[in-house]
Amino acid sequence: MDLRLKDKVVLVTAASRGLGYATAYALAQEGANIALCARNEAQLTPAAQRLADETGVEVLPIVADVADANAGDRLAAMTLENFGRIDALFINAGGPPPGKFLDLRANDWDAAINLTIQSAVRLAYAVIPVMRQQNEGSLLFNTSVTVKHPLDNLILSNSLRLAIVGLVKSLSIELGPNNIRVNAIGPGWTRTERVDQLLGDRAARNGTTPEAEAEKIAAAIPLGRIAEPEEYGRVAAFLLSPAASYVTGVTLLVDGGLSRAVM
Ligand code: NAD
């Protein structure tokens, strides 16, 4: 199937590694040019170079912390200045810290709201006017399986990511007449550095090893294993692409069947 991404322009945030990079890679393999954002220049520069070398597309690296108030505007402006349009936007950020309710304080919630909700809202405000002018566009918000299936010790993710699901549904209704599609994707356990940190955290709490924790997790997943980032990237690239032209307002789990919710 042709995803019809050749020469499209996609802004991919939080993407020097992990799910963001896997998404950028899948898009670039289909011929899309990429604006690639991450906080750390020392990691972003080689990631952008590798992406360009291996796929042959144009890659614009932009150092930005999406938690900063002006990051959305700056990312949209730099992408537009370089490429002249923005066909699709992948909205991602680092995960909020783990913890149970009483491990955290109210100011931890403020920081997590800024990182998980406000960063996404600011990016959407910056890019939607561009897409409205184009009368075409696609937004994909990264969330988590926690929107259907709360995970232990992740109360910030379990709570705050639901706001993105509501936002996605409302935006899909508001922006459908502008030919702009809006979707979300909810990864389950996928082997990235973030997950390595969470496995270490669980091992420390339970007095086990990260590998023992990984085995426990895999045992609860119908497909019996933790995912590879590429398995997520392919689904994200499809939802962002014109090949998904009649899909909007959806939050799609890529969780190996972990969530037992029927709907
Ligand atoms: P990761 O730590 O492997 O990679 C995160 C990437 O985002 C890195 O490139 C990092 O530089 C960049 N980044 C982090 N914070 C940023 C910020 N404020 N501004 C700009 N760039 C930033 O993490 P990952 O596993 O790819 O996770 C990405 C998101 O998906 C997180 O929110 C995570 O909680 C969520 N998630 C991951 C999984 C999983 O199993 N990997 C499952 C559910 C949800």
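All values derive from a computational prediction rather than experimental measurement.

Rules used throughout
- Residues numbered from 1 in each chain as written.
- Predicted model: local features only at pLDDT ≥ 70, side-chain atom pairs only at ≥ 80, totals over all residues.
- Heavy atoms only, no water.
- Helix = DSSP H or I, 4+ residues; strand = E, 2+ residues; numbered from the N terminus.
- Buried < 20%, exposed > 50% of the residue type's maximum accessible area, 1.4 Å probe, protein only.
- Contact = heavy atoms within 4.5 Å.
- Areas by Shrake-Rupley, 256 points an atom, 1.4 Å probe, with all protein chains shown as cover.
- Lys, Arg positive; Asp, Glu negative; His and termini not counted.
- Charge placed at Lys NZ, Arg CZ, Asp CG, Glu CD.
- 1 Å grid on protein atoms, 1.4 Å probe; cavity = no way out; pocket = protein on both sides within 12 Å on 5 of 7 lines; lining within 4 Å.
- Points joined across faces, edges and corners; volume = space filled by probe spheres on them.
- Nonpolar A, V, L, I, M, F, W, Y, C, P; charged D, E, K, R; others polar.
- Domains from an automatic or database assignment.
- Near = heavy atom within 4 Å.
- Polar contact = N/O pair within 3.5 Å; in protein donor to acceptor, adjacent residues only side chain to side chain.
- Buried area = accessible area lost by both parts, 1.4 Å probe.
- Salt bridge = Lys/Arg side-chain N within 4 Å of Asp/Glu carboxyl O.
- Phe/Tyr/Trp six-rings, centres within 6.5 Å; stacked < 30°, edge-to-face > 60°.

Asker: Describe the overall build of the protein chain, and please don't skip the residues or the numbers.
Answerer: What the protein chain contains, in helices and strands, is eight helices and seven strands. Taking the principal axes of its C-alpha atoms as reference, the protein chain extends roughly 55 × 40 × 35 Å. Counting over 263 residues, the protein chain shows a buried share of 50%. Of the contacts made within the protein chain by residues no fewer than 6 positions apart, 73% connect residues no fewer than 24 positions apart. Roughly 12,200 Å² of accessible area belongs to the protein chain as shown, and the carbon and sulfur atoms make up 53% of that amount. Counting 24 positive and 28 negative side-chain charges, the protein chain places the averaged centre of each group 5 Å from the other.

Asker: Lay out empty space enclosed by the protein with the relevant residues and their values.
Answerer: The full count for this structure, using the stated rule, is one cavity of 30 Å³ or more. For the largest cavity, the calculated volume is near 40 Å³. If you go around the largest cavity, the residues you meet are Pro98, Asp152, Asn153, Leu154, Trp189, Leu198, Asp201, Arg202 and Arg205. Split by residue class, the lining of the largest cavity holds four nonpolar, one polar and four charged. Counting residues domain by domain, the lining of the largest cavity receives three or more from each of domain 1 (9-188 + 228-253) and domain 2 (191-226).

Asker: Can you break down the site of the ligand residue by residue, with the values?
Answerer: In the vicinity of the ligand, 28 residues are found, and the nearest of them are Ser16, Leu19, Ala93, Thr190 and Thr192. In this structure, an oxygen atom belonging to the ligand sits 2.9 Å away from a side-chain N or O atom of arginine 17. Between the ligand and glutamate 193 there is a distance of 3.4 Å, counted from an oxygen atom to a backbone nitrogen or oxygen. If the ligand stood free it would expose 830 Å²; the protein chains cover 94% of that surface.

Asker: Can you break down the domain arrangement of the protein chain residue by residue, with the values?
Answerer: On domain assignment, one finds that the protein chain holds domain 1 (9-188 + 228-253) and domain 2 (191-226). A straight line from the C-alpha centre of domain 1 to that of domain 2 covers 25 Å. If you look at the interface, domain 1 gives 12 residues, while domain 2 gives 10 residues. Carbon and sulfur atoms supply 44% of the area that domain 1 and domain 2 bury against each other, a total of about 890 Å² over both sides. At the surface where domain 1 touches domain 2, the tally comes to two salt bridges.

Asker: Report on the packing of aromatic side chains, specifying residues and quantitative values.
Answerer: Evaluation of the coordinates by the stated rule reveals three aromatic pairs. When the centroid spacing of 6.4 Å and the interplanar angle of 75° are considered together, the rings of phenylalanine 90 and tyrosine 232 count as edge-to-face. Placement of phenylalanine 90 in strand E4 (residues 88-91) and of tyrosine 232 in helix H8 (residues 229-240) is noted, with a sequence separation of 142 residues between them.

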